[in-house]
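Here is what each chain is made of, one letter per residue.
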Amino acid sequence: MKKKKTALILGATGLTGSHLLQQLLKDDRYERIKVFTRRSLGFTHPKLVEYKVDLFRLTEEKEKFTGDEVFCCIGSTKKKTPNDEVYEKVDVGIPSVAAKLSKENGIDTFIVISALGADAKSRFFYNQMKGKMETHVLQQKIEHTYILRPSLISGKRKEKRVFESLWNQLMKVANGLMMGPLKKFRSISVQSIVKTMIVLANSPQNEPIIESEEIHRIGN
């Protein structure tokens, strides 16, 4: 009988992380889900272990940062984090430290959400931050590293994002018109992303970068 696993999640209160958590709690392959979070999830579950921590001081939690797989769903927005320095600490710093701790603690699977167009040399701040994060994560050389680069993520969020909501409605129409090289810009459901993350964790593949079209393929 195969040993049941322990998964670690960062960003479990966000759109992707919260959906991922619910799926892993129902998945019989996992016996424990450790969540590192700044605020309480507001519920309990026999599999769930919640650590309320300062994510900017994640290195202090090294003894707790043990398991089989790390799912990093950390990410902010300009509205929530207008200060560029703090933004970089969230989107680059936290995933980078999490990858370093994973390597040091012998966790051989690290899956992180990046973004379409991530490039450390980009002129665009958001793409540049995601590119820097990817570089730092890959430098750890964790055996099974997967970086997902979704386009616009569609799904019902807890907080209101008026522009994003309107854009999601527009993209539902536009998706059907995007063909050929434009297919990579199609919006992607949070369910597809979560399913892809779980598939990758349990069926390793060689390529570390998973572009949006591949997420569509695996997740559907």
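Above this text you will find the structure in question.
This section reports on the structure supplied with the text. What you see is a predicted model; the values in this text were computed from it and never measured. (Residues numbered from 1 in each chain as written. Predicted model: local features only at pLDDT ≥ 70, side-chain atom pairs only at ≥ 80, totals over all residues. Heavy atoms only, no water.)

1. Some details on the overall build of the protein chain
For step 1, the next point in the chain: Scanning the protein chain for helices and strands turns up six helices and nine strands.
For step 2, the next point in the chain: For the protein chain, the proportion of its 220 residues judged to be buried stands at 46%.
For step 3, the next point in the chain: Contacts in the protein chain between residues at least 24 apart in sequence constitute 66% of all its contacts with a sequence separation of at least 6.
For step 4, the next point in the chain: Accessible surface, the protein chain as shown: approximately 12000 Å² in total, 53% of it carbon and sulfur. (Helix = DSSP H or I, 4+ residues; strand = E, 2+ residues; numbered from the N terminus. Buried < 20%, exposed > 50% of the residue type's maximum accessible area, 1.4 Å probe, protein only. Contact = heavy atoms within 4.5 Å. Areas by Shrake-Rupley, 256 points an atom, 1.4 Å probe, with all protein chains shown as cover.)

2. Considering unusual backbone geometry
For step 1, the next point in the chain: Non-glycine residue K141 carries a positive phi angle of around 55°.
For step 2, the next point in the chain: Note on placement: K141 falls in the loop between helix 3 (125-139) and strand 6 (144-149).
For step 3, the next point in the chain: Accessibility expressed as a relative area gives 66% for K141, which makes it exposed.

3. Focus: the nonpolar core
For step 1, the next point in the chain: Ranked by size, the top nonpolar core spans 31 residues in total, and within it F71 and L148 carry the most contacts.
For step 2, the next point in the chain: Secondary-structure elements contributing two or more residues to this core are strand 1 (5-10), helix 1 (15-26), strand 2 (30-37), strand 5 (109-113), strand 6, helix 5 (190-202) and helix 6 (212-219).
For step 3, the next point in the chain: In this structure, F36, F65, A99 and I107 belong to the second largest nonpolar core, which totals 25 residues. (Core = buried A, V, L, I, M, F, W, Y, C linked by side-chain atoms within 4.5 Å.)

4. Some thoughts on the packing of helix 5 against helix 6
For step 1, the next point in the chain: Close contact between helix 5 and helix 6 brings their axes to 8 Å; oriented N to C, the two are set at 80°. The orientation of helix 5 relative to helix 6 falls into the category roughly perpendicular. Judged by residue contacts, S192, I193, K195, T196, V199 and L200 of helix 5 engage I215, I218 and G219 from helix 6.
For step 2, the next point in the chain: Classifying every residue of the contact of helix 5 with helix 6 by side-chain character gives five nonpolar, three polar and one charged. (Axes fitted to C-alpha atoms, helices over the stretch in contact; angles between N-to-C directions. Parallel < 35°, antiparallel > 145°, perpendicular 65-115°, else oblique. Nonpolar A, V, L, I, M, F, W, Y, C, P; charged D, E, K, R; others polar.)

5. Things to note about the side chain of T6
For step 1, the next point in the chain: Its place among the elements puts T6 in strand 1.
For step 2, the next point in the chain: Overall, the relative accessible area of 8% leaves T6 in the buried class.

6. Overview of the sheet that holds strand 3 (residues 48-52)
For step 1, the next point in the chain: Strand order in this open sheet of seven strands is 3-2-1-4-5-6-9, and the pairing throughout is parallel. Unpaired on one side and paired on the other, strand 3 and strand 9 (209-211) mark the two borders of the sheet. Between one strand axis and the next, the sheet turns through 15° on average, direction left out of account.
For step 2, the next point in the chain: The pairing of strand 2 with strand 3 spans five bridges and is parallel. When the sheet's bridge partners are listed, K34 is paired in strand 3 with V49.
For step 3, the next point in the chain: Packed on one face of the sheet, helix 3 meets strand 5, strand 6 and strand 9 and runs near 170° to strand 6. (Pairing = 2+ DSSP bridges.)

7. Notes on the pattern of salt bridges
For step 1, the next point in the chain: Here the structure, examined in full by the defined rule, presents twelve salt bridges.
For step 2, the next point in the chain: Residue R149 pairs with E134 through a salt bridge whose shortest N-O separation is 2.6 Å. Of this pair, R149 sits in strand 6 while E134 sits in helix 3, and the two are 15 residues apart along the sequence. E134 carries the same exposure label as R149, and that label is buried. (Salt bridge = Lys/Arg side-chain N within 4 Å of Asp/Glu carboxyl O.)

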